[in-house]
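Architecture at a glance
Take a look at the letters that make up each chain.
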Amino acid sequence: MTVTRPGPAADTAAGTPRKSKNFKSRVLIPYAMLAPGIILFLVFMAAPIIYTLVLSFQKKKVSGLGLGKGSQSTAFAGLDNYVSALTDPEFLGSVLRVLTYGLILIPLMLGFALLFALLLDSRRTRAGSFSRTAIFLPYAVPAVISSLLWGFLYLPGVSPFHFLARQFGMELPSLLDPNLVTFAICNIALWGGVGFNMIVMYTSLKAVPSEIYEAAKLDGCSEIQTALRIKIPIIAPSLVMTALFSMIATLQVFAEPTTLRPLANSLSTSWSPLMLVYRDAFTRNDVFSAAATSIVIALATFIISFLFLRIVQKRAFGQEN
Amino acid sequence: MRKSFRAGAVAMLAAATMLAAGCSGGSTAGSQSAATSDPNQKVELTYWAWAPNLDKVVELWNEKNPNIHVTVNKQDGGDPAVTKLLTAVKAGSGAPDLIQAEYQKIPTLVAADALADLSGTVANDTKSHFPDGVWNDVTLGGDALYSVPQDTGPMVFYYRADIFEKLGIAVPKTWDEYAAAAKTVHAADPEAYLGTFSSNDAGWFTGMAQQAGASWWGVDGDAWNVKIAEEPTEKVAEYWGGLVEEGVIDNKPMYTPEWNTALNTGKQVGWLSAAWGPGVLEGNAGSTAGTWKVAPMPQWDASKPSTGNWGGSSTAVTSQSKNLDAAAKFATWLNTEPEAVKALVEVAGIYPADNEGAKSALTKAPAFFSNQPDFYDVVGEAAQNVGSFTYGPNVNVAYNAYNDQFAKAAQSKQKSAFLDAVSNMQQVTVDDLKKTGFTVK
């Protein structure tokens, strides 16, 4: 670091005006230009986060019957809310359920997305743009709508699948049974999520210069060999990115189980961690423990994302540096 | 490096000031301005409600009272409206003047200081209009008055008269007869059931327990009592658990597409529901009109008829209303004025809480039950037999525990699981009260 200081002579001669000009151009103008961004960040990002933190250290305090004015107040709770969040068997249960869900969903979703992207990119594919749109389309359906739609298809009493099976004298198992309901939710997420991930991978495949393929062809590479040895390694960064997005989305699963819940006995109101937060905040009217739980979830998401990037970064981005 | 740190510090400070400002906003929530002094001053009131067509009833009021104009703001239903109101109370602004509040939500709303005390207004003179049990729900047994009763949901038994006739089943008068009828229905058609045990409708189960004599909360001096895991409720849970275990009663929730279809196709042959049932049946199974009939609920002891209450709501004034007197005047008119009660029955299709109003307005059976002219005689008699029931400050927690615990029990199809669900419900409810700092005995 080299610090250039004006000489003592210059300092005395034109010190004040120069300094103020310096201050203006080096401090005021840049910050003025950044101000809209800083203000938006403060109002919409920092303030809610800090407010959540403040809430998470508070608790409701009631005296006596808790009825009437002034019988309820808020008090400092210390780490109570965090302790009860981390030791709550319901919370741990919801975390385990979502981990299982993620272990099933993410490999399937990325696998299908990659397969479809490679198929579409293959030179022999016809009706590429139609297939691309068809696979992508479910992504445009909001999760609540698609859950309602699939819920209707799952309910044995009204499902056309169950109806058809019954015509052939078979009885399909109900996907809303407790041991299958995770798959039922995975299926909805898969249906909605494959298209988006496929588009990301397909786009980065399109960016690969065609000379590479020509060279591979001259070397006698088959389509499958090209896919495995050239295409997949080249688009590894976008695989990493889609994996990261999928992991974060998995930890935040909410709409699908919430929409399916009233249809069956197999989903509790604390099935996923976010459902538990929602229940605490709005059904049980306890924003304080909901705030603590959501901070725990946010931290866990951050740590998992960070660790994942640490592990795969070298492999995925190694050749770029 | 330094500068970025300073910028960060400034950011933190700014956020902290904003936060402080937000917090101080909350403390003014409880303050109430004095009632408007000039009676001729024009007042605008907002009213959050979800009963169908309530806005048409309110139009009658607006025509006659140009100085107190009420705007109905349609809500999704009881729970979402309460959630929104509690949020507005916490935020310090944004609440309406009036809200349609279900009876079981009143203790929660009072505990959160969301409702104004109407005991000093005209609403206090309406006591003689309502049954004692209902009045107890809106006063919580004290001197304050938190809302004006609107409608109630005395429970009755709806059944498919044509199928009963075909199978030669008599209308069950006791729960034993109901169980026998359930067996007959299911034996005749393995896909048909006399009813379903729904883990999604805590209010339904509360009504069942109420009929058996339960009252889940109680006040003992300065402390709350929780009495869920006691004989009446356990008896009810054991009864339904037994029917589900035998497989003669369905175990799937109500209000699903599957349930609607079953109502339409005669696979759900009966429904234990409340006075507002015809509206639901008409909406979900309109093609079966004329085949249903209503009867009193089956009894535990036929010599001492009693029934439960499922649903029903009242009109409350929120603690943020600046026009307490005007709002109380409107709430009184809406729920006790014969003209308004008549409109509530005819346009909004509710069963009014007002004794006299119910008698004079409920003369004609609902269209869906046009085959049963004495429909309201049956319902009216049931309404006289509603037992008293005290709700506590954490009904929401208990009802949520009902959903989760009984979902597991209904899924397992085991009688013992139903009894476990009752004791878990008690545990969760008591733990929550203690955790919040209520005194619990």
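Going by what an unreviewed UniProt entry lists, chain B is known as Extracellular solute-binding protein and is assigned to Paenarthrobacter aurescens.

If you check an unreviewed UniProt entry, chain A appears there as ABC-type sugar transport system, permease component from Paenarthrobacter aurescens. The Sequence similarities (unreviewed entry) comment attached to chain A in UniProt states, word for word, "Belongs to the binding-protein-dependent transport system permease family." The record in UniProt for chain A states the following under Subcellular location (unreviewed entry): "Cell membrane".

Here we look at the overall build of chain A
When its secondary structure is counted, chain A shows 13 helices and two strands. Radius of gyration (C-alpha) of chain A: 28 Å, far over the 20 Å computed for a compact globule of 321 residues. Each principal axis of the C-alpha atoms in chain A carries an extent, and together these give about 100 × 85 × 30 Å. Of the roughly 18900 Å² of accessible surface on chain A, a fraction of 70% belongs to carbon and sulfur atoms. The positive charge centre, built from 26 side chains, and the negative charge centre, built from 15, are 9 Å apart in chain A.

Some words on the UniProt feature "domain: ABC transmembrane type-1" (unreviewed entry) in chain A
The sites that carry the UniProt feature "domain: ABC transmembrane type-1" (unreviewed entry) are, in the present numbering, residues 95-308 of chain A. Within the segment residues 95-308 of chain A, helix and strand shares are 74% and 0% respectively, and the terminal C-alpha atoms sit 18 Å apart.

Digging into the environment of A:Tyr139
Residue and element names in this part refer to chain A. Mapped onto the secondary structure, Tyr139 falls in the loop between α4 (128-136) and α5 (143-154). Given a relative accessible area of 42%, Tyr139 falls into the partly exposed group. As a C-alpha pair, Tyr139 and Ala298 span 159 residues in sequence and 25 Å in three-dimensional space. The residues contacting Tyr139, other than those within four sequence positions of it, are Gly192 and Phe196.

Remarks on the pairing of strand β6 (residues 223-226) of chain B
By the alternation rule, side chains of β6(B) split into B:Ala223 and B:Asn225 and B:Trp224 and B:Val226, which are all buried. Counting the residues that bridge the hairpin from strand β5 (residues 217-220) of chain B to β6(B) gives two residues, and of these B:Gly221 lies at a positive phi of roughly 65°.

Focus: the nonpolar core
If you look at the biggest cluster of nonpolar residues, it comprises 142 residues, and the most contacted ones within it are B:Tyr178, B:Phe197, B:Trp204, B:Trp216, B:Trp240 and B:Phe406. Residue-level mapping places this core at the junction of two domains, with at least three residues from each of domain 1 (3-152 + 310-383) and domain 2 (156-308 + 389-436) of chain B. Counting residues in hydrophobic clusters, the runner-up holds 50 residues, among them A:Leu105, A:Ala243, A:Val253 and A:Ala264.

Definitions and limits used
- Residues numbered from 1 in each chain as written.
- Chains lettered and ligands numbered in written order.
- Predicted model: local features only at pLDDT ≥ 70, side-chain atom pairs only at ≥ 80, totals over all residues.
- Heavy atoms only, no water.
- UniProt positions renumbered as here; feature names shortened; annotations may be inferred.
- Helix = DSSP H or I, 4+ residues; strand = E, 2+ residues; numbered from the N terminus.
- Rg over C-alpha atoms; globule rule 2.2 N^0.38 Å.
- Areas by Shrake-Rupley, 256 points an atom, 1.4 Å probe, with all protein chains shown as cover.
- Lys, Arg positive; Asp, Glu negative; His and termini not counted.
- Charge placed at Lys NZ, Arg CZ, Asp CG, Glu CD.
- Buried < 20%, exposed > 50% of the residue type's maximum accessible area, 1.4 Å probe, protein only.
- Contact = heavy atoms within 4.5 Å.
- Pairing = 2+ DSSP bridges.
- Core = buried A, V, L, I, M, F, W, Y, C linked by side-chain atoms within 4.5 Å.
- Domains from an automatic or database assignment.

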